[in-house]
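# Structure at a glance
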Amino acid sequence: MSGRIIDGKAVAQKVMAEITQGVERLKKEKRITPGLAAVLVGDNAASKIYVRNKRIACEKVGIYSIEKKLPGSTREEELLELINNLNLDPLIHGILIQLPLPPFLNTQKILSAVAPEKDVDGFHPINLGKLLAGNPEILPCTPLGVIRLLESISFDPAGKEAVVIGRSTIVGKPMAVLLLMRHATVTICHSKTKNLAEKIRQADLVVAAIGQSEFIKGDWIKPGAVVIDVGMNRRPDGSLVGDVEKSAGGKASFITPVPGGVGPMTIAMLLANTLEAARKQTS
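This report concerns the structure included in the present document. Note that the structure is a prediction, hence the values are computed from the model and not measured. Think of each chain on its own: its residues are numbered from 1, step by step along the sequence as written. A pLDDT threshold of at least 70 governs which residues receive local features in this predicted model, and a stricter bar of 80 or more applies before side-chain atom pairs are shown or counted, although totals over entire chains, interfaces and linings include all residues. The side-chain values count all of the structure's non-hydrogen atoms but skip hydrogen atoms and water molecules.

### As for the overall build of the protein chain
For the protein chain, the count of helices and strands is 9 helices and 11 strands. If you line up the protein chain on its principal axes, its C-alpha atoms span 50 × 45 × 40 Å. Working definition: with a 1.4 Å probe on protein chains only, accessible area under 20% of the residue-type maximum means buried, over 50% means exposed, and in between means partly exposed. The proportion of buried residues among the 283 residues of the protein chain is 48%. When contacts within the protein chain are restricted to residue pairs at least 6 apart in sequence, long-range pairs at least 24 apart make up 71% of them. A 1.4 Å probe and the Shrake-Rupley method give the accessible areas. Residues count as covered only by the protein chains that appear here. Accessible surface computed for the protein chain: about 13300 Å², of which carbon and sulfur atoms make up 53%. Looking at the protein chain, you have 36 positive and 28 negative side-chain charges, and the mean spots of the two groups are 2 Å apart. Labels follow the DSSP assignment, with helices taken as runs of H or I lasting at least four residues and strands as runs of E lasting at least two, numbered in each case from the N terminus. The contact definition used throughout considers only heavy atoms, calling two residues in contact when any of these lie within 4.5 Å. By the counting rule applied here, Lys and Arg register as positive and Asp and Glu as negative, while His and the ends of each chain are not counted. Here the site of a charge means NZ on Lys, CZ on Arg, CG on Asp, or CD on Glu.

This is the structure we're talking about:
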C-alpha cells in the first residue's frame, strides 16, 4: 500500500477562491476591504519569505495589506506602541506578528497586546481560552488548515485514535482541542514521551508538529493511518523535510507532502480569518 498524497496546494486554491468571492461580496455590500497588517522585527530570512508570501496571497484575493518592518534592536515599548496604533486603525482588521521575535522581547506580552478581534493568528490568550471552552472565535491558522485537509479526504475524526506530536500553543495544543471537538480520542505526545513509537502505532491519525527532521519513523505508522506532517525542517544541503520519514507513505492511506502540504493551508486560513474578522468588525 502506498499512501495517497493530500495536495495542500490544491485545497488551498479552493479556499483562496472562496475568500476571493467573500472579499468581493464584502466590498460590494458594505464597501469594506479587509485589511491585514504584518509586523516583522529583525532580519530573519525565513520570516521575510513568509511575510512576502502572505503579501502576495493578499493581493491575489483582494485583501489590503501593509508591512511594518522594524529593526532587530526595536525596544518593547516601540513595538507595543505600533501594535496599539494598528489596533485603532479602522482600515486594519487583522494583525499578524511574525514569529520568532528577537529573544529579548517578551513574545507572550507582544501577542497579548493585539486586540483579540484582530488576532487573526488565533494566539491571543482570550481566543485560545474561547477555543478551550468550546466556543471559538478565531482559530489558529495551522490547526484550522489541518482540519480543512482532513475534510478534503472525507476523514471523520469521530471515534478515531488521534496522536498529536507537539505541545505548542501554535499547533499542538489547539490541534488536540479541535480534534476533541470532533469526537476523536486524542493523545498529545512530545519528544520526552515514553514509548512514543507504540503510541503512534495505535493511531488512526497522526499529526506531527515537533519540529525535528524525520523524528517519526516510517515503521511507526499504523497501516492505513492518515499522516499530517506539519514539520518544515531545512537540511544542511538546503532541502526541506518534514517531521515524518518519507517511508511513512508506504504504510499510510493518506499523507501530506513537505513542502506543499500544510504550509499553503496556513496562509490560506490566515486570509480566511482576516476576511471573517472584517465581517465581524463591520457588522
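Structure's up, so let's keep going.
### Some remarks on the layout of surface pockets
As defined here, a cavity is a set of points on a 1 Å grid over the protein atoms alone where a 1.4 Å probe fits but cannot get out. A pocket is an open set with protein on both sides within 12 Å along at least five of seven lines, and residues line them when an atom is within 4 Å of a point. Grid points are joined across faces, edges and corners, and a volume is the space filled by probe spheres set on the points. Taken as a whole, the largest pocket spans an internal volume of roughly 1500 Å³. Elements that contribute at least two residues to the lining of the largest pocket include exactly helix H1 (8–30), helix H2 (45–61), strand S4 (94–97), helix H6 (141–152), strand S9 (233–234) and helix H9 (262–281). With 8 residues, H2 is the largest single contributor of residues to the lining of the largest pocket. Amino acids outside the nonpolar list (Ala, Val, Leu, Ile, Met, Phe, Trp, Tyr, Cys, Pro) and the charged list (Asp, Glu, Lys, Arg) are all regarded as polar, and Gly is one of them. A breakdown of the residues in the lining of the largest pocket according to their chemical character gives 28 nonpolar, 12 polar and 7 charged. Its boundaries defined by the atoms lining it, the second largest pocket holds a volume of some 230 Å³. Lining the second largest pocket are 15 residues, and of these Asn127, Glu137, Ile138, Glu276 and Lys280 lie nearest its centre.

### So, the sheet that holds strand S1 (residues 4–5)
A pair of strands is labelled paired if DSSP reports no fewer than 2 bridges between them. Read across the open sheet, the 6 strands follow the order S1-S11-S8-S7-S5-S6; overall the sheet is parallel. Sheet topology places S1 and strand S6 (185–189) at the edges, where each strand pairs with a single neighbour. Pairing of S1 with strand S11 (residues 254–255) involves 2 bridges; the strand directions are parallel. Bridge pairing in S11 links Arg4 to Phe254. The sheet strands contacting helix H7 (residues 172–181) are strand S5 (161–165), S6 and strand S7 (205–208), and the helix crosses S5 at an angle near 170°. For helices, the axis comes from a line fit to the C-alpha atoms of the stretch in contact; other axes are also lines fit to C-alpha atoms, and the angle between any two N-to-C directions lies between 0 and 180 degrees.

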